[in-house]
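Architecture and fold: a report
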Amino acid sequence: MPYDPLTDEQREIRDLVRQLARERIAPRAAEIDETHEFPWDVVELFRDHELFGLYFEEEFGGTGTGALLSLVAIEEVSKVCATSGLILAVQELGSLGVKLAGSQEQKERYLPRLASGEWLCAYALTESGSGSDSAAMRSTARRDGDTYVLNGSKRFITNAGVAQLYTVFAKTDSDAGHAGISAFVVEADAPGFEVARVEPKMGIKGSTTGELVFEECRVPAENLLAEEGEGFKIAMQILDRSRPGVAAQGLGIAQGATDYALEYAKTRETMGKPIAQHQLVAAMLADMETKCEAARGLLYKFGQAVDEGVDGLELTKLSAMTKLYCTDVAMEVTTDAVQVLGGYGYIQEYPLERMMRDAKITQIYEGTNQIQRLVIAREMLKEQRAFLLAGVS
Ligand SMILES: Cc1cc2nc3c(=O)[nH]c(=O)nc-3n(C[C@H](O)[C@H](O)[C@H](O)COP(=O)(O)OP(=O)(O)OC[C@H]3O[C@@H](n4cnc5c(N)ncnc54)[C@H](O)[C@@H]3O)c2cc1C
């Protein structure tokens, strides 16, 4: 039995998500991958069953059911379709700016529309010249009366063109490094805002990844989140909470691949017996299952920590470890799952080659896994563990 710390009420919602994923989304997954079309029918399904509400407090039209369940929902959907799991994860990523740093007025204006799924949202930090080094961004925002004027561009933005609300980071002071970055919410119809192109890519093919261009783009001054100069801090606080959404996506892909490989290995026969009974294949299956369960332990620990109010640097380290481990597991496990199927793993008639392609992005976005390792090590270096060495010469 996989680790399951959910309450009865949470389990009921998890089971509903699982059923929708298996019955309604799984049959669409190959087609979404093939056509590269954003799956609006899946958005409609999430809207009809109020699944976007899992990411919001009751006060703003959500279910208020907490972080753990919101991650479990992404995991369940990603077991069958990583593009669809990402739609849920980005509703969290794109709305966290308003949740964490928005005024009451901004929250009331935007969160109910995002909780119902009427609007989708996006998070726009990366630029063509600045990904890991986000402080090197070049986009600018200058105050002009009761508006801000944005100029520049953002690259690789998930939900580009399908989101109605973008959390955008730009420099209000180009000479001040991190401290010169501010955060804004930009509505899709803001004058001077345009989605310039959508990138073809290796996996998560139904998700849009696009370039946003701001040319003298005017937004009301009240669209600033918090104060000028607080954008970098907000961007990092968002990532601390959103990265485990990518981890949940990675774990879902890994568990989906494990389940598929297991069933295949029970029926495919070579040398007179099912391949699952060949010890080298059985060992691969055992490693895959163990890695998934270890990843689940970290992911659910993160969800429980948020629900218990853990914050700050403790959350930063746990978030980075969760993202790192679950997504490395996604890549390792899907690669092995393809191997279990042999030639059938490599062809498109079977879902594992898609899962392996989908897994790769989880090691890259919302901070590459190299960056996660830097974050974890940075936090470790601040810790005092010398007492453990007492008596060791
Ligand atoms: C499909 C997709 C969707 C995305 N969605 C979004 C989105 O919604 N919003 C958004 O803002 N961004 C998004 N991104 C951008 C993503 O977060 C960045 O691509 C990622 O953070 C890496 O930045 P980069 O591509 O500029 O790589 P670089 O920063 O140029 O890194 C290149 C390589 O160098 C390594 N590296 C860099 N610096 C260091 C260092 N100091 N130490 C060790 N290694 C280092 C990296 O790990 C990587 O392996 C998306 C990207 C993709 C491909």
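Here the residue numbers are simple positions, counted from 1 along each chain's written sequence. With the structure being a predicted model, the display of local features is reserved for residues of pLDDT at least 70 and the display and counting of side-chain atom pairs for 80 or more, all residues being used for whole-chain, interface and lining totals. Note that water and hydrogens are dropped before the side-chain values are worked out from all heavy atoms of the structure.

With that settled, consider empty space enclosed by the protein. Buriedness for pockets is judged along seven lines, at least five of which must meet protein on both sides within 12 Å for an open set on the 1 Å grid over protein atoms alone, while cavities are sets there where a 1.4 Å probe fits but cannot get out, and lining residues have an atom within 4 Å of a point. Grid points are joined across faces, edges and corners, and a volume is the space filled by probe spheres set on the points. Taken as a whole and assessed by the stated rule, the structure comprises two cavities of 30 Å³ or more. Taken as a whole, the largest cavity spans an internal volume of roughly 50 Å³. Considering the residues around the largest cavity, the lining is formed by Ala29, Ile32, Asp33, Cys81, Ala82, Thr83, Ile204, Lys205, Arg354 and Asp358. Strands here are runs of E lasting at least two residues and helices are runs of H or I lasting at least four, both read from the DSSP assignment and numbered beginning at the N terminus. Secondary structure elements with two or more residues in the lining of the largest cavity: α1 (8-35), α4 (82-93) and α11 (352-362). Sorting elements by how many residues they give to the lining of the largest cavity places α1 first, with three residues. Per-class residue counts for the lining of the largest cavity are five nonpolar, one polar and four charged. Within this model, the second largest cavity holds a volume of roughly 30 Å³. Along the walls of the second largest cavity sit Ser78, Lys79, Val80, Cys81, Ala82, Ile253, Arg354, Met355 and Asp358, which together make up its complete lining. For this classification, Asp, Glu, Lys and Arg are treated as charged, while Ala, Val, Leu, Ile, Met, Phe, Trp, Tyr, Cys and Pro are nonpolar and the rest, including Gly, are polar.

Moving on to the layout of surface pockets. One number sums up the size of the largest pocket: a volume of about 1,300 Å³. Lining the largest pocket are 50 residues, and of these Leu239, Arg243, Tyr365, Glu366 and Gly367 sit closest to its centre. If you list the elements that add at least two residues to the lining of the largest pocket, you get α4, β3 (147-158), α7 (231-267), α9 (312-341), α11 and α12 (369-382). With seven residues, α7 is the largest single contributor of residues to the lining of the largest pocket. Taken together, the residues of the lining of the largest pocket sort by class into 23 nonpolar, 15 polar and twelve charged. For the second largest pocket, the calculated volume is near 460 Å³. As for the second largest pocket, its lining consists of 24 residues, of which Tyr55, Glu57, Glu92, Leu96 and Lys99 are closest to the centre. Those elements that provide at least two residues to the lining of the second largest pocket are α3 (67-80), α5 (96-101), α6 (104-116), α7 and α8 (279-307). Ranked by residues supplied to the lining of the second largest pocket, first place goes to α3 with four residues. Taken together, the residues of the lining of the second largest pocket sort by class into twelve nonpolar, six polar and six charged.

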